[in-house]
Amino acid sequence: MADFVIFASSGRDGVVESNLGINFSTARGNSTTTGGAVDTSSVNDLVGIVYTSGGRGGYRIHRGFFMFDCSDTEIGGHFAGTPEIAHAEIRVTEYASPTGAGGFSILKVVDLGSGLGTEDYPKIFSSGTTIAGSYHIMNSLARRNIETAIDEETYFQCALVSDLDRSASDPAPGSNNQRVIFANNALNKPALRLTFGTSGI
């Protein structure tokens with residue numbers, strides 16, 4: 001067995017938030033809806049659904065995106081052929097407990113740019129496939145995707161989103177469903193932890 005940890009790449013991990021929407025559906029958008037702002041430098045940031053009252057009140061949806069560079073020669077050098085990953089998990093440090101109802105999931109995404117941008121906001125619609133639940137233990141699809149990324153020396157890409165956002169479930173009017181995470185911090189960056197099977201080394 002062999003364990004490796006890959007940290008999310010700087011500039012390619014962070015949060016993309018929607019434009020302010022008068023309702024949940026407008027804020028969530030669809031596969032062509034671009035985001036309103038990007039944050040790749042904050043020590044911690046929100047992921048989830050935020051409701052603001054007063055003034056131009058409405059909803060904003062915050063989606064976390066992570067890209068893990070799987071081209072490291074140290075990792076690739078451990079595979080004689082097709083890699084085999086026995087266990088994989090994404091570890092995200094919580095700065096504060098989630099508020100509101102609902103959990104959070106890791107989704108498979110594709111075609112993120114070389115740097116996170118507002119155009120990446122709708123990329124959860126490119127797959128929408130859940131590859132890890134609230135405890136961020138990756139399923140078999142995710143493990144196969146990571147194996148492919150290692151084999152092709154490219155990036156494994158994913159998003160952390162509210163389950164209500166994932167399922168297009170409108171939260172109660174005026175409610176929040178959010179968590180604070182470390183989006184970019186030297187000690188607490190999102191990490192992809194891999195355990196290889198015995199035939200993978």
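Refer to the structure presented above.
Our subject in this report is the structure included herewith. Values in this document were obtained by computation on a predicted structure and should not be read as measured data. (Residues numbered from 1 in each chain as written. Predicted model: local features only at pLDDT ≥ 70, side-chain atom pairs only at ≥ 80, totals over all residues. Heavy atoms only, no water.)

Observations regarding the overall build of the chain
Phase 1 of the analysis: Each helix and strand counted, the chain has four helices and 12 strands in total.
Phase 2 of the analysis: Considering only contacts in the chain between residues 6 or more positions apart, those separated by 24 or more positions represent 83%. (Helix = DSSP H or I, 4+ residues; strand = E, 2+ residues; numbered from the N terminus. Contact = heavy atoms within 4.5 Å.)

Notes on the pattern of salt bridges
Phase 1 of the analysis: For the structure on display, the rule yields eight salt bridges.
Phase 2 of the analysis: The closest approach of N and O atoms between D165 and R28, which form a salt bridge, is 3.3 Å. Separated by 137 residues along the polypeptide, D165 in helix α4 (residues 163–166) and R28 in helix α1 (residues 24–28) bring together distant segments of the chain.
Phase 3 of the analysis: Across the salt bridge formed by R91 and E89, the nearest N and O atoms sit 2.8 Å from each other.
Phase 4 of the analysis: The exposure class assigned to E89 is buried, which follows from its relative accessible area of 14%. (Salt bridge = Lys/Arg side-chain N within 4 Å of Asp/Glu carboxyl O. Buried < 20%, exposed > 50% of the residue type's maximum accessible area, 1.4 Å probe, protein only.)

Description of the pairing of strand β2 (residues 14–17)
Phase 1 of the analysis: In this sheet, strand β5 (residues 58–69) lies alongside β2 in antiparallel orientation, the contact comprising four bridges. Note on β5: the bridge partner recorded for G14 is F65.
Phase 2 of the analysis: The sheet contact formed by β2 and strand β3 (residues 37–39) spans three bridges and is antiparallel. Considered in β3, the bridge of V16 is made with V38. (Pairing = 2+ DSSP bridges.)

Some points on the nonpolar core
Phase 1 of the analysis: With 28 residues, the main nonpolar core has F68, I90, M138, F156 and L194 as its most contacted residues.
Phase 2 of the analysis: Those elements that provide at least two residues to this core are β1 (2–7), β5, β6 (85–91), β8 (104–108), β9 (130–132), α3 (140–151), β10 (155–162) and β12 (191–196).
Phase 3 of the analysis: Per-element tally for this core: the top contributor is α3, with four residues.
Phase 4 of the analysis: Not counting chain neighbours up to four residues away, the residues in contact with F156 comprise F66, M67, F68, C70, I90, I131, M138, A142, N145, I146, A149 and L192.
Phase 5 of the analysis: If you look at the next biggest cluster of nonpolar residues, it comprises 17 residues, including A27, F65, M67 and L107. (Core = buried A, V, L, I, M, F, W, Y, C linked by side-chain atoms within 4.5 Å.)

What to know about the environment of K123
Phase 1 of the analysis: Structurally, K123 is set in the loop between β8 and β9.
Phase 2 of the analysis: C-alpha of K123 to C-alpha of T33: the two residues are 90 residues apart in sequence and 9.5 Å apart in space.
Phase 3 of the analysis: Those residues in contact with K123 that lie beyond four places of it in its chain are F65, V109, V110, D111 and L112.
Phase 4 of the analysis: A polar atom in the side chain of K123 sits 2.6 Å from the backbone oxygen of D111. (Polar contact = N/O pair within 3.5 Å; in protein donor to acceptor, adjacent residues only side chain to side chain.)

Observations regarding the side chain of D120
Phase 1 of the analysis: Along the chain, D120 falls in the loop between β8 and β9.
Phase 2 of the analysis: A residue is classified by how much of its surface remains accessible, and D120, at 0% relative accessible area, is buried.
Phase 3 of the analysis: Of note is the side chain of D120, whose polar atom sits 2.9 Å from the backbone nitrogen of G117.
Phase 4 of the analysis: The contacts of D120, once residues within four sequence positions are left out, are F65, D111, L112, G113 and G115.

Quick look at the environment of N145
Phase 1 of the analysis: Looking at the secondary structure, you find N145 in helix α3.
Phase 2 of the analysis: Residues N145 and F156, spaced 11 residues apart in sequence, show a C-alpha to C-alpha distance of 7.2 Å.
Phase 3 of the analysis: Beyond its immediate sequence surroundings of up to four residues, N145 is in contact with K108 and F156.

Some words on unusual backbone geometry
Phase 1 of the analysis: One non-glycine residue with positive phi stands out, namely E153, at about 50°.
Phase 2 of the analysis: Considering the arrangement of structural elements, one finds E153 in the loop between α3 and β10.
Phase 3 of the analysis: We note that A168 has phi near 55°; this positive angle belongs to a residue other than glycine.
Phase 4 of the analysis: Its location among the elements puts A168 in the loop between α4 and β11 (177–181).
Phase 5 of the analysis: What makes A168 partly exposed here is its relative accessible area of 43%.

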